[in-house]
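A closer look at the structure
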Amino acid sequence: MRKGRENGLFSDFAILVDDEFQKDLFEKIDAAQKRIYLQCMSFDGDVTGKSVAEKLIQAQRRGVDVRLSIDCFTDLYVSDTYYRKKQVAQEVRETRRIIDDMRKNGIEIARTRPYGPFHVFFLYRNHKKLIIIDDSVYIGGINISDHNFLWHDFMVRFNNAHLAHACTDDFKKTLQGVVQHINLDGQLYTNNYVQQTFYELIQEAREEIILSSPYSHGVHLFEALSPFSKNVRIRVLTLKRNNFRILNIISPYFFQALKKRRIELYCYKQFSHAKFIIVDRKKVFFGSSNFGLDSLLCKEEIAVLVHDPAFVKEFYEKLYEKQQMNLEPHHEHSKSSAYVLGFAFSYCVHWGLLYIGKPLRVLAPLLKGEHLTWKTGFGAALVTAGAILMSLR
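If you're wondering where the values come from, they're calculated on a predicted model, not measured in any experiment. (Residues numbered from 1 in each chain as written. Predicted model: local features only at pLDDT ≥ 70, side-chain atom pairs only at ≥ 80, totals over all residues. Heavy atoms only, no water.)

Topic: the overall build of the protein
Scanning the protein from N- to C-terminus turns up 13 helices and 19 strands. Going through the 393 residues of the protein one by one, you find that 57% of them count as buried. Within the protein, counting contacts between residues at least 6 apart in sequence, those at least 24 apart form 77% of the total. Counting only carbon and sulfur atoms, one obtains 54% of the accessible surface of the protein, whose full area is about 17,200 Å². (Helix = DSSP H or I, 4+ residues; strand = E, 2+ residues; numbered from the N terminus. Buried < 20%, exposed > 50% of the residue type's maximum accessible area, 1.4 Å probe, protein only. Contact = heavy atoms within 4.5 Å. Areas by Shrake-Rupley, 256 points an atom, 1.4 Å probe, with all protein chains shown as cover.)

Observations regarding the pattern of salt bridges
Enumeration according to the criterion identifies 23 salt bridges in this entry. Across the salt bridge formed by Arg 97 and Glu 94, the nearest N and O atoms sit 2.9 Å from each other. With Arg 97 and Glu 94 both in helix H4 (residues 89–104) and three residues apart, the pair spans about one turn of that helix. Classification of Glu 94 by relative accessible area gives buried; the value is 14%. A salt bridge links Lys 283 to Glu 204; its shortest N-O distance comes to 2.7 Å. With Lys 283 in strand E17 (residues 283–287) and Glu 204 in helix H7 (residues 192–204), the pair connects residues that are 79 residues apart, well separated along the chain. By relative accessible area, Lys 283 is classed as partly exposed at 23%. (Salt bridge = Lys/Arg side-chain N within 4 Å of Asp/Glu carboxyl O.)

Some points on unusual backbone geometry
The backbone of Asp 185 sits at a positive phi, close to 55°, despite the residue not being glycine. Note on placement: Asp 185 falls in the loop between strand E11 (183–184) and strand E12 (188–190).

Points about the sheet that holds strand E13 (residues 208–212)
The nine strands are arranged E11-E12-E18-E17-E16-E13-E14-E15-E19 in an open sheet whose pairing can be described as mixed. Only two strands of the sheet have a single neighbouring strand rather than two, namely E11 and strand E19 (327–329). Relative to strand E18 (residues 302–306), E12 runs antiparallel, the two sharing three bridges. Bridging from a neighbouring strand, Leu 188 pairs with Val 304 of E18. The strands touched by helix H6 (residues 161–175) are E11, E12 and E18; relative to E12, the strand with the most contacts, the crossing angle is about 10°. (Pairing = 2+ DSSP bridges. Axes fitted to C-alpha atoms, helices over the stretch in contact; angles between N-to-C directions.)

Topic: the packing of aromatic side chains
If you walk through the whole model with that rule in mind, you get 32 aromatic pairs. Ring geometry for Phe 121 and Tyr 124: centres 6.1 Å apart, planes at 75°, overall edge-to-face. Both residues of the pair, Phe 121 and Tyr 124, count as buried. Between Tyr 316 and Tyr 320, the aromatic rings sit 5.4 Å apart at their centres with planes inclined by 45°, giving tilted as the arrangement. An identical accessibility class is assigned to Tyr 316 and Tyr 320; each is buried. Across from the ring centre of Tyr 115, 4.2 Å away, lies the NZ or CZ of Arg 125, which sits over that ring. (Phe/Tyr/Trp six-rings, centres within 6.5 Å; stacked < 30°, edge-to-face > 60°. Lys NZ or Arg CZ within 6 Å of the ring centre and 35° of its normal.)

Quick notes on the nonpolar core
Judged by nonpolar contacts, the single largest core of 43 residues is most densely connected at Phe 154, Phe 158, Leu 188, Phe 276, Phe 286, Phe 311 and Phe 315. Broken down by element, the residue count for this core peaks at six residues, all from H6. Each residue touching Phe 276, except ones within four places of it in the same chain, is listed here: Phe 154, Ile 210, Leu 211, Ser 212, Leu 237, Tyr 268, Phe 285, Phe 286, Phe 291, Phe 315 and Leu 319. Core analysis: the second largest hydrophobic core is formed by 34 residues, Val 219, Phe 222, Ile 234 and Leu 265 among them. (Core = buried A, V, L, I, M, F, W, Y, C linked by side-chain atoms within 4.5 Å.)

Things to note about the side chain of Asp 71
Residue placement: Asp 71 occurs in strand E4 (residues 65–71). Excluding residues that lie within four positions of it along the chain, Asp 71 makes contacts with Cys 40, Met 41, Arg 111, Thr 112, Arg 113, Arg 125 and Asn 126.

Describing the packing of helix H2 (residues 47–61) against H4
Between H2 and H4, the least distance of the axes is 10 Å, while the angle of their chain directions is 5°. It follows from the interaxial angle that H2 and H4 lie roughly parallel. Along the contact surface, H2 presents Gly 49, Lys 50, Ala 53, Leu 56 and Ile 57, while H4 presents Glu 94, Arg 97, Ile 98, Asp 101 and Met 102. Looking at the contact of H2 with H4, its residues break down into five nonpolar, one polar and four charged. (Parallel < 35°, antiparallel > 145°, perpendicular 65-115°, else oblique. Nonpolar A, V, L, I, M, F, W, Y, C, P; charged D, E, K, R; others polar.)

Details of the pairing of E4
With five of seven residues buried, E4 lies mostly within the body of the structure. Where strand E3 (residues 35–40) and E4 come together, six bridges link them in parallel fashion. Following the sheet pairing, Ile 36 is matched in E4 by Val 66. In this fold, E3 hands off to H2, which returns the chain to E4; that crossover is right-handed. (Right-handed = clockwise from strand over helix to strand, strands pointing away.)

Re the environment of Glu 223
Along the chain, Glu 223 falls in helix H8 (residues 219–225). With 34 residues separating them in the primary sequence, Glu 223 and Ala 257 have C-alpha atoms 9.7 Å apart.

With respect to the packing of helix H1 (residues 20–31) against H2
Relative orientation of the contacting elements H1 and H2 amounts to 20°, with a least axis distance of 9 Å. On the basis of the axis angle, H1 is roughly parallel to H2. Judged by the twist between their axes, the crossing of H1 over H2 is left-handed. Residues Phe 26, Ile 29 and Asp 30 of H1 lie in contact with H2, whose contacting residues are Ser 51, Val 52, Lys 55 and Leu 56. For the contact of H1 with H2, a count of residues per class yields four nonpolar, one polar and two charged. (Left-handed = near helix turned anticlockwise from the far one by under 90°.)

Section: the environment of Gly 49
Mapped onto the elements, Gly 49 comes out in helix H2. Since its relative accessible area comes to 0%, Gly 49 is described here as buried. Separated by 96 residues in the primary sequence, Gly 49 and Ser 145 have C-alpha atoms spaced 5.5 Å apart. Dropping the residues within four chain positions of it, Gly 49 is found in contact with Phe 43, Asp 44, Ile 98 and Ile 144.

Here is the structure:
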């Protein structure tokens, strides 16, 4: 645990990169005395998921208040694979079993954001990764699954009772199906404030921006960055190919668009799920958000903005400097056909999210529970259609 130079929410911290997180998390769960509140988008029935579930059950049995919020994403995808694929059939059953086991052992589990008929609300995930253990808070991008624990990623643990109280309040509101938009002392943000702060940070940059995300591909990003690329050194760290097929289609156009605007592009060699933005080596903004337009418009997110010099210095060293061997500059030129296809998909996705994403985002939080009835879904579809028509007027 490191101490920052400034007193505040984030002065007592531990930046946990890759396998450092699992060791730290298991130790904290075993030592928990009051509460363990865990929120994630996916909780898989693999080795990692079973290990965490067993530790949570043990904590519940010794009198710790254990509660979970797991997004319905886990119902459709396990091990990053669609649940109907034969290769994950056993893991799908195990995922359902461990969730049932935790409930039978007295752990309260809320399932967030049902998909609705025809999966119309697929993009509208509760994407937060938040763990509260007593007065410690973990914030970052790691879900509970083998592949998430194997990817390059990080979580940051903060020891602060005030932060723990604020995050606990948001967690309990999530259990109740309530969506909050939080700006706590200009340091902790959720939902709408994540989007606002992201764009404000880009505009505040004077010397340097380092942005890392595997899923930030989109027109919104180079439109936000390009006005500053003449005077600010901008580096985007991402993946040459990732696990979202549509982003692989968009990549040829997106990569060329960045380079045409004199934005430096680097690709991780190892699969990276790390998401952050460092501005002028004075501020770090990170959390669950991928900084893609779908993340900024459609998903529930949590993020923190840290100014503490000691924190920023260590974060820069661990998440950027020490990753140099895992990064390579992208110099490839796209084929014209791939570029044109990427261009078409980029703008279709961009305008689709702007004109359809916003109306659906309003409706998604109104749909509670693990499953939707067709009656509820049909009503939602009618309201959605009306909202889309109004937005296109």
